[in-house]
Amino acid sequence: MPIRSSSARWEGNLTEGSGTVKTGKGGLQGAYSFKSRFEEGEGTNPEELIAAAHAGCFSMAFSKGLADAGFTPTSVETVAKVHLDKTDAGFGVSRIDLETVGDVPGIDDAKFQELATAAKENCPISRLLSPGAAISLVAKLA
């Protein structure tokens, strides 16, 4: 399997500096800053990038699980919300909320929920993040 990489460059101090992040093949590139991470400033931040990775991984894993069970999804759309919280130990990601909507012809809600839960537990990004962050899931049929 290939090794994936991304890069980041930061210039200046923490609160007034700024940086850029870029995925290895250049598919995503963006500016980030203290304000984009800890306030509501323009640009991206590491938590948004984690959320994008998790949403993408989950959607692919769920689509595979559906297909393996005999259901071809028309679409799976997922939003991941990464919670960055400050504690006495410092900042940390405490929770990730996955919200997914699947357009899956012929499936009943019970099977849909079963396969969504399996995808949440088994996608590689969930397995990476779940020891340190609680991961919730709300799955709805379109």
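See the structure above.
All values derive from a computational prediction rather than experimental measurement.

Asker: What should I look at first to understand the sheet that holds strand β6 (residues 134-141) in this one?
Answerer: Hydrogen bonds between backbone atoms are what pair the strands of a sheet, whose relative direction is either parallel or antiparallel. Sheet architecture is open: three strands sit in the order β4-β5-β6, paired in mixed fashion. Only two strands of the sheet have a single partner each, and these edge strands are β4 (75-87) and β6. Each adjacent strand pair in this sheet contributes to an overall mean axis angle of 15 degrees, direction not counted. Where β4 meets strand β5 (residues 90-103), 13 bridges bridge the pair, whose relative direction is antiparallel. Bridged to A80 within β5 is L98. Packing against the sheet, helix α2 (residues 46-68) makes contact with β4, β5 and β6, and its axis sits at approximately 145 degrees to β4.

Asker: How should I be thinking about helix α3 (residues 109-122) in this particular structure?
Answerer: Because the α-helix completes a turn every 3.6 residues, residues three or four places apart line up on one side. Across its 14 residues, α3 extends 20 Å between first and last C-alpha, which sits within 8% of the 20 Å expected from 1.5 Å per residue. Taken as a whole, α3 has its buried residues at F112, L115, A116, A119 and K120. Projection of α3 onto a plane perpendicular to its axis shows the buried side chains occupying an angular sector of 145 degrees, all on one side. Tucked inside the fold, the buried residues of α3 contact α2, β5, α4 (124-129) and β6. Near the N-terminus of α3, the side chain that reaches the backbone nitrogen of A110, with its oxygen 3.2 Å away, is that of D108.

Reading the values: rules and limits
Residues numbered from 1 in each chain as written. Predicted model: local features only at pLDDT ≥ 70, side-chain atom pairs only at ≥ 80, totals over all residues. Heavy atoms only, no water. Pairing = 2+ DSSP bridges. Helix = DSSP H or I, 4+ residues; strand = E, 2+ residues; numbered from the N terminus. Axes fitted to C-alpha atoms, helices over the stretch in contact; angles between N-to-C directions. Contact = heavy atoms within 4.5 Å. Expected span 1.5 Å × (residues − 1). Buried < 20%, exposed > 50% of the residue type's maximum accessible area, 1.4 Å probe, protein only. Arc of directions from axis to C-beta. Polar contact = N/O pair within 3.5 Å; in protein donor to acceptor, adjacent residues only side chain to side chain.

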